[in-house]
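Chain residues, written in single-letter form:
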Amino acid sequence: MTASLVVWLCVALCVGIGVSPLASIVTIDPQGPRAKAMRRAEQQFASAVMMLATCGLFSLWLVGRKGEMWWPLFAMIVMTLPLVHPWIVVRGIFIPLGLARAAVRVSRLGGHPWFRDPVGGAVLAGVLAAMHRRKHDPALARWLRMRLGEDRIGGAGIVALGLLAAESGDRETARIVLGSLDEIEPDICPPLARSLALDWLAADAARRGAWHELVERIVDDPFPTRTTRFVGLCARRMVGEPIDRRSIAWAWLMAPRRATTISLLWKCLRHRLPHARVLDDHELARLAANDGREPILTALALHAEAAALPTTLPVALPLVERLAAGWDEAFADFGLRGEVRSRAEHFGTEATGELLVARLQRAVARDLAALLAQCGREAEHVRAETGVMRRAREVHFDEATETLAQRCSELARRRGSANIDPAAAWIEWVRVRRAYLLAAVPLAPSQRGLLYAVIERELRQLAAWLWNERAERGLAHAVCLFLLAEAERVRDGEAAAYYRHNVVVGL
Amino acid sequence: MAQRFTLDPFTVLQAAPTASRAELDGTATRLLEALAAGLPGADRYPTPLGPRQRDPDIVTAAAAELRDRERRIVHEVWARMPVRSAEVEPPPTGPTWTGGERALGWRSR
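Residues numbered from 1 in each chain as written. Chains lettered and ligands numbered in written order. Predicted model: local features only at pLDDT ≥ 70, side-chain atom pairs only at ≥ 80, totals over all residues.

**With respect to the overall build of chain A**
Heads up, the rule is: Only DSSP runs of H or I covering at least 4 residues are called helices, and only runs of E covering at least 2 are called strands; the numbering of each starts at the N terminus. Counting other C-beta atoms within 10 Å of a residue's own tells you its class, since 20 or more makes it buried, 12 or fewer makes it exposed, and anything in between is partly exposed; those C-beta atoms are placed from the backbone. Remark: residues whose backbone-derived C-beta atoms lie within 7 Å of one another are considered to be in contact.
On a plain count of helices and strands, chain A comes out with 24 helices and zero strands. In chain A, which comprises 507 residues, the share counted as buried stands at 38%. Within chain A, counting contacts between residues at least 6 apart in sequence, those at least 24 apart form 62% of the total.

As structure tokens, then:
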């Protein structure tokens with residue numbers, strides 16, 4: 001009876017494979033990454049069926065000889081399952097024990113969850129194992145980094161690259177590399193790799209106390225784990241949302257590894273929003289907004305207020321606009337101009353008073369440009385088109401153009417001397433992209449177009465190099481997608497047509 | 001940006017913007033001697049952003065900067081900002097949490 005059941009089960013599985021709908025080659029490129037990932041998944045499924053059938057038949061043979069069937073069937077399945085599904089062994093044994101090289105080699109057998117990026121996934125498994133070691137091992141990190149260069153890399157490879165940078169202490173690079181995963185097509189990015197990147201970025205934000213950033217990241221997570229749900233609730237309470245303590249405690253109880261998260265629970269429950277600071281009369285009189293003194297003193301007071309802010313924190317745009325307005329008033333003041341002119345005459349300088357005021361204006365514009373960069377995406381809404389703010393935008397544009405041109409020429413030099421592999425090229429590219437996006441935020445559309453022209457030529461070459469010489473179609477596709485979006489934004493029709501063609505060709 | 005206030009030569013030398021060249025040089029010499037002798041209080045000076053540490057290098061650089069008359073006139077404008085002896089408190093930020101990577105299960109150390 002049981003023997004017939006096993007045979008019928010295998011037959012039903014084979015029928016299931018036969019009747020399951022396969023994707024049409026009309027909609028999927030047979031040589032594309034999606035088709036390759038589907039083929040790998042089908043191969044694993046077929047291997048699983050074959051394994052079950054073989055074990056079942058062998059058990060039937062044993063039934064005929066000894067009259068026992070179930071224990072040999074179970075023993076054979078346990079022995080052969082890791083061959084078909086190596087992730088079980090890698091996740092359950094090699095990663096917790098820190099056996100990085102074994103994790104890479106066994107993961108290279110393929111299978112879930114790295115169908116979309118087998119090479120990168122294997123290296124990522126190795127990196128995860130390396131993270132479980134007591135100490136950072138630079139030799140092992142180099143070995144893992146070299147494995148990435150053996151074949152094309154996808155999303156999992158990029159996550160491995162980011163985690164390797166974090167392991168070596170370069171958290172800034174790790175942050176931008178893991179953040180660049182949004183640029184990668186889902187067809188070459190395993191969901192587990194994306195989830196790992198999100199987890200790391202959330203943990204990094206909590207480490208820096210950047211709770212606003214963490215809330216944004218968790219909101220974007222379509223499938224939060226129980227831990228990320230708990231951390232997200234804590235972050236929302238930290239930023240001042242009215243989250244009930246009981247719901248946080250309940251989320252903590254539901255999450256695994258409670259011993260490691262209890263410190264966050266304690267901090268979160270004790271956290272109170274800072275009350276608005278009460279100003280006494282003495283301080284109130286010193287505030288620039290309440291003081292009817294000379295415009296230059298008002299501008300200086302606002303400038304000092306902005307200078308006192310930590311450079312690591314985002315700056316509110318109204319503060320920058322208020323500062324710019326203060327300086328505009330100061331520069332329009334005949335008193336200041338007259339005093340500078342009389343001092344210039346007193347010292348008998350070559351530069352006139354007006355020129356010295358212009359130098360002062362340039363210094364202020366430089367500081368405003370730095371503040372605009374610190375505003376992040378909010379700087380997009382900057383309104384002032386005149387006075388010192390306009391000058392600040394010009395200074396910002398000049399400096400951004402120079403910086404990006406330097407970065408691009410450095411990238412071209414390294415690419416030309418073959419002193420770079422696709423993974424390192426990707427790191428350089430995400431740096432250029434981030435610098436460009438930050439620099440372009442406060443610029444006028446015409447200036448943005450000029451800035452785009454600075455990076456477009458080199459990035460076009462980079463995409464062609466990745467595609468033609470290194471066969472990294474996924475990475476080249478991501479670069480082309482970004483260039484297409486920007487070309488359309490700055491209304492560069494010729495470039496947009498070129499990149500549209502490349503993007504349509506696909507991965 | 002903060003250096004415009006904290007490293008302003010007049011602020012470093014604790015001199016008035018109207019001071020003459022000889023007065024500024026004399027102040028710089030006195031400060032260098034006091035720093036060399038380790039006199040108490042010579043290594044601190046008030047700025048518009050609160051007290052800062054003073055060393056011979058910034059005193060020498062401040063004196064040299066003020067010898068350029070054109071730059072001096074620009075520094076005179078920045079030096080109008082009154083100094084304060086109390087430390088400027090940064091805006092309050094939330095607590096940090098370093099156990100995230102372990103809690104998510106991908107790290108054991």
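So that's the structure; there's more coming.
**Some details on the interface of chain B and chain A**
Where we set the bar: For this classification, Asp, Glu, Lys and Arg are treated as charged, while Ala, Val, Leu, Ile, Met, Phe, Trp, Tyr, Cys and Pro are nonpolar and the rest, including Gly, are polar.
Each side of the interface is counted separately: chain B has 34 residues, and chain A has 44 residues. Every element with two or more residues in the side of chain B that touches chain A is listed here: α1 (3–6), α5 (69–78) and α6 (100–103) of chain B. Looking at the side of chain B that touches chain A residue by residue, the class counts come to 17 nonpolar, eight polar and nine charged.

**A look at the packing of helix α18 (residues 334–347) of chain A against α5(B)**
How we decide: All axes here are fitted lines through C-alpha atoms, helices being fitted over the stretch that makes contact, and every angle between N-to-C directions spans 0 to 180 degrees. Each angle receives one of four descriptions, namely roughly parallel if under 35 degrees, roughly antiparallel if over 145, roughly perpendicular if within 65 to 115, and oblique otherwise. Should the near helix be turned anticlockwise from the far one by less than a right angle, the crossing is termed left-handed; should it be turned clockwise, right-handed.
Axis separation between α18(A) and α5(B) bottoms out at 10 Å; the angle between their running directions is 150°. Judged on the interaxial angle alone, α5(B) and α18(A) are roughly antiparallel. For α18(A) against α5(B), the interelement crossing comes out right-handed. For the pair α18(A) and α5(B), the contacting residues are A:V340, A:R343, A:A344 and A:F347 in the first and B:R69, B:I73 and B:E76 in the second. Per-class residue counts for the contact of α18(A) with α5(B) are four nonpolar, no polar and three charged.

**Topic: helix α17 (residues 317–331) of chain A**
Convention followed: Multiply 1.5 Å by the residue count of a helix minus one, and that product is the helix's expected span.
In this model α17(A) runs 21 Å from its N-terminal to its C-terminal C-alpha over 15 residues, within 8% of the 21 Å that 1.5 Å per residue would give. Looking at the buried positions of α17(A), the neighbouring elements they touch are α16 (295–307), α18, α19 (353–375) and α20 (387–416) of chain A.

**Things to note about α16(A)**
If you check α16(A), its first and last C-alpha atoms are 18 Å apart, about what 13 residues at 1.5 Å a residue would give, namely 18 Å. Most of α16(A) is tucked away: 10 of the 13 residues are buried. Listed as buried for α16(A) are A:I296, A:T298, A:A299, A:L300, A:A301, A:L302, A:H303, A:A304, A:A306 and A:A307. Those residues of α16(A) that are buried lie in contact with α17, α18 and α19 of chain A together with α1 and α5 of chain B.

**Regarding the confidence of the model for chain A**
Let me state the cut-off plainly: For every residue, the pLDDT score states the predictor's confidence, bounded by 0 at the bottom and 100 at the top.
Summary statistics for chain A give a mean pLDDT of 82 and a share of 89% for residues scoring 70 or more. Here residues 277–281 of chain A is modelled with pLDDT under 50, and outside its nearest four sequence neighbours on either side it reaches one contact, counting other chains as well.

**Describing the nonpolar core**
Residues and elements named next belong to chain A. Cut-off, in case you're wondering: Defined on buried residues, the nonpolar core groups Ala, Val, Leu, Ile, Met, Phe, Trp, Tyr and Cys residues joined through C-beta atoms within 7 Å.
Ranked by internal contacts, the top residues of the largest apolar core, which has 158 residues, are V127, V159, A160, L368 and V479. For this core, the element with the highest residue contribution is helix α10 (residues 191–208), accounting for 11 residues. Residues contacting A160, with those up to four places away along its chain left out, are G120, V123, L124, V127 and L148.

**So, the confidence of the model for chain B**
The predicted coordinates of low-pLDDT regions are not to be read in fine detail. When pLDDT is averaged along chain B, the result is 84; 90% of the residues meet or exceed 70. Interface predicted TM-score (ipTM) for the complex: 0.84; the corresponding pTM is 0.74.

**Things to note about the environment of A:L198**
Residues and elements named next belong to chain A. Within the element layout of this structure, L198 appears in helix α10. A tally of 23 C-beta atoms within 10 Å means that L198 is categorised as buried. Along the sequence, L198 and P224 sit 26 residues apart, while their C-alpha atoms lie 9.6 Å from each other. Once you skip the residues sitting within four places of it in the chain, L198 turns out to touch R217 and D221.

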